[in-house]
Amino acid sequence: MRIANNILPAAATLVMALAASPALGGELPADPLGSPMWEYHAEKLFTGGPVVFDSRVKVILPVVAEDQHVVPVTVDARKLDGVKRIVVFADLNPIPVAIDYRPMDAAPFVATRIKLDQRTPVRAAVQLADGSWHVAGEWIDAAGGGCSAPPLSRVRGDWADHLGELRGAAWSEGDTTRLRFGFRHPMDTGLVENIPAYNIETVRVMDADGREVASMDVYGSVAEDPAFTLVVDRDGPMEVAARDTSGLEFAGELAPMSGKKQTAKP
Amino acid sequence: MRVSRRAIIAGLGAAGLAPVLAPALVHAEQFAGTYDPKAEEVADGIWMVRGADEPIAFSNGGAIANSVIIATDDGAVVVDPGPSLSYGRAIRALAERVTGKPVVRVYVTHLHPDHSFGAGAFDARSVHALPATRHDLERDGEGFSDALFRVLADWMKGTTVVMPQGDVTAGEVVIGGRKLRLFALDGHSSGDLAILDEATGTLIGGDLVFHDRAPATPHANLDGWLTALDRLDGVPHDLVIPGHGPLDSGNAAIAQTRDWLTWIQGMLNDAVLSGKDMSEAGATPIPERFADIKVARYELQRSVSHFYPGLEAKLLPMVGN
């Protein structure tokens, strides 16, 4: 405990500092969303630096969670410099963290789809090179069952026939390349009776020389058939590789301009 | 933060009151109201009952779909009894009042609960629908019920999923001397009933036709829907009662529904092919000609959710492995 650091003049500050984890090296700001789980998650996730709510982090959610099994989330932190990590989490989900993204040679931008189990804040926490965490998010309403209902491919029974199939394409955007790709995978949460947890747990992107340009930890709260949109600071072919919790590996190459070729099709 | 009782009492000036009481007001219990549907006679012996041009919400009790009352010599015909048991009862009372006769037939145009869930207020044998609609309700009725109870709470008191007992087949039916032509179509869902009252030329489109209210697509097959609209366009008529939105005395509603669906279809294709993610597709600007269409952004984003993963599976190339 580093109580000594926290003995400050204002009693209110003292109360808040004591409530926060000593590991934070600072006090936790009050949650503008008023979530009952804010402090719990913040203490676990935000090690190594101060935490601020920052409107330069854009978390884009739909006006309605039409399908609680497939809720699109887009995080755009391109207004911030030196982004090292983007953690997307839903406070009230049984599996709160969806992705933990490290854009090494990539823009601080990521889109995916997540499952929601109830009305919850959905947030992005962006960590900069100086260790500070920049957080934004909003509440989204959702009916129950997004994490505790079986995936469609389990209901249909064909999940194994298509496991790991990869679809995707690349689009040039000036000096950067937009990648969109998705894997067929049930992304079982482990919260459905008689179906153990089984999910893709890492996704990596490598350039033609095999250098890693982006990597991501992926959790069971990402939607079935997980899909991702990333923007990498490179051109040329990109290798996309994923590994699941059974150790199976799925990979493929997104050719440069493959998106454009698609567009040109009649 | 701990706040002493003394501090709260001290703060109870005018300025202090609001923050102390605000949380209590925010969480105050809301009580369901009473439905008060209004019938407007739009043609001889035909009344339109307007729904709110909104999403299903507690504030409207789910009463968002249009219902129709038709007078015949034998009794009233009701098309789409609404979202709940108590709405169905209100529509039944209204039909009896405006026609002076009991309800002898109820048509449910398709499965969606804003149209179908009021059926419990009527003799189940008098409730007719397409076989596809009964099949859909058997599959989805319980899920709809859970979803509606969650949003509408007490408005739904006593509402159960009532299966239509009568099968509708396409063609002419005469009820109490009134000739109705029934069309068995699909596209908005797998079974969409449209009805033409031959005497007045009134076409009741169900949810194949929306008007100044953006079309909803949760069970839609867009190509099939466009085909159904062509079919309805070819039926001579003077008036169209859409499933949602105001009466159409020309051919605006069918054309507008077709225009919207064609735009949505092309926009979603383009979005997938140009590398947009779902959020970006959902933020696509809505063309000026749709500026007066209610809940356009809401339905656009719903349509993104309904179609995007399927379009990606179709349009993005398979790579690797």
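Source: prediction; values computed, not measured.

A. Molecular detail of the overall build of chain A. Scanning chain A for helices and strands turns up five helices and 15 strands. Here chain A holds 266 residues, and the buried ones make up 53% of them. Taking as baseline every contact in chain A between residues at least 6 positions apart, the subset at least 24 positions apart corresponds to 64%. Of the roughly 11500 Å² of accessible surface on chain A, 53% is carried by carbon and sulfur atoms.

B. The arrangement of the pairing of strand E10 (residues 192-197) of chain B in detail. Residues and elements named next belong to chain B. For E10, the buried fraction is high: six of the six residues fall into the buried class. Here E10 shows two buried faces, one formed by Asp192, Ala194 and Leu196 and the other by Leu193, Ile195 and Asp197. Counting the residues in the hairpin turn of strand E9 (residues 178-185) and E10 gives six residues, including Gly187, whose phi is positive at 135 degrees. Where E10 folds back onto strand E11 (residues 202-210) in an antiparallel hairpin, the turn is made up of four residues, including Gly201, whose phi is positive at roughly 65 degrees.

C. Geometry of the interface of chain B and chain A. Contacts between the two partners involve 28 residues from chain B and, on the opposite side, 35 residues from chain A. Taken over both partners, the interface formed by chain B and chain A buries close to 2600 Å², and the fraction arising from carbon and sulfur atoms is 53%. One salt bridge in this structure joins Arg180(A) and Glu312(B), with 2.6 Å as the shortest N-O distance. Joining chain B to chain A, the criterion identifies 17 residue pairs in polar contact (both at pLDDT 80 or more). Looking at the side of chain B that touches chain A element by element, the count peaks at ten residues for helix H9 (residues 296-315) of chain B. When strand E9 (residues 166-173) of chain A meets strand E13 (residues 318-319) of chain B, the two strands line up antiparallel, connected through two bridges.

D. Structural view of the confidence of the model for chain A. The predicted model of chain A averages 88 in pLDDT, with 86% of residues at 70 or higher. Contacts of residues 1-25 of chain A to residues separated by more than four positions or lying in other chains number 27 contacts, the stretch itself having pLDDT below 50.

E. Broad picture of helix H6 (residues 222-233) of chain B. Residues and elements named next belong to chain B. Helix length check: H6, at twelve residues, gives a terminal C-alpha distance of 16 Å against a target of 16 Å (1.5 Å per residue), a fit within 8%. Among all positions of H6, only Leu222, Gly224, Trp225, Leu226, Ala228, Leu229 and Leu232 are buried. Tucked inside the fold, the buried residues of H6 contact E9, E10, E11, helix H7 (252-273) and H9. The N-cap residue of H6 is Asn221: its side-chain oxygen and the backbone nitrogen of Asp223 are 3.2 Å apart.

F. Inspection of the sheet that holds E11(B) at higher detail. All names here are of chain B. Within the open sheet, the five strands sit side by side as E8-E9-E10-E11-E12. Their pairing is mixed. At either margin of the open sheet sits one strand with a lone partner, and together these are strand E8 (171-175) and strand E12 (239-244). Direction aside, neighbouring strands of the sheet carry axes that sit 30 degrees apart on average. The sheet contact formed by E8 and E9 spans five bridges and is antiparallel. Bridging from a neighbouring strand, Glu172 pairs with Arg181 of E9. Set on the sheet, H6 makes contact with E9, E10 and E11; between it and E11 the angle comes to about 165 degrees. Running at roughly 15 degrees to E11, H7 makes contact with E11 and E12 of the sheet.

G. Here's a closer look at the packing of aromatic side chains. The full count for this structure, using the stated rule, is 15 aromatic pairs over all chains. When the ring centre of Trp139(A) is taken as reference, the NZ or CZ atom of Arg119(A) above it lies at 4.4 Å.

H. A look at the packing of H7(B) against H9(B). Residues and elements named next belong to chain B. Put simply, H7 and H9 touch, their axes get as near as 9 Å, and they point 50 degrees apart. Of the possible angle classes, the one that applies to H7 and H9 is oblique. For the crossing formed where H7 meets H9, the hand is right-handed. Between H7 and H9, the contacting residues are Trp260, Trp263, Ile264, Met267, Leu268, Asn269, Ala271, Val272 and Leu273 on the first element and Ala296, Leu300, Ser303, Val304, Phe307, Tyr308, Leu311, Glu312 and Leu315 on the second. Looking at side-chain class alone, the contact of H7 with H9 contains 15 nonpolar, two polar and one charged residues.

Procedures and definitions
Residues numbered from 1 in each chain as written. Chains lettered and ligands numbered in written order. Predicted model: local features only at pLDDT ≥ 70, side-chain atom pairs only at ≥ 80, totals over all residues. Heavy atoms only, no water. Helix = DSSP H or I, 4+ residues; strand = E, 2+ residues; numbered from the N terminus. Buried < 20%, exposed > 50% of the residue type's maximum accessible area, 1.4 Å probe, protein only. Contact = heavy atoms within 4.5 Å. Areas by Shrake-Rupley, 256 points an atom, 1.4 Å probe, with all protein chains shown as cover. Pairing = 2+ DSSP bridges. Buried area = accessible area lost by both parts, 1.4 Å probe. Salt bridge = Lys/Arg side-chain N within 4 Å of Asp/Glu carboxyl O. Polar contact = N/O pair within 3.5 Å; in protein donor to acceptor, adjacent residues only side chain to side chain. pLDDT = per-residue confidence, 0-100. Expected span 1.5 Å × (residues − 1). Axes fitted to C-alpha atoms, helices over the stretch in contact; angles between N-to-C directions. Phe/Tyr/Trp six-rings, centres within 6.5 Å; stacked < 30°, edge-to-face > 60°. Lys NZ or Arg CZ within 6 Å of the ring centre and 35° of its normal. Parallel < 35°, antiparallel > 145°, perpendicular 65-115°, else oblique. Left-handed = near helix turned anticlockwise from the far one by under 90°. Nonpolar A, V, L, I, M, F, W, Y, C, P; charged D, E, K, R; others polar.

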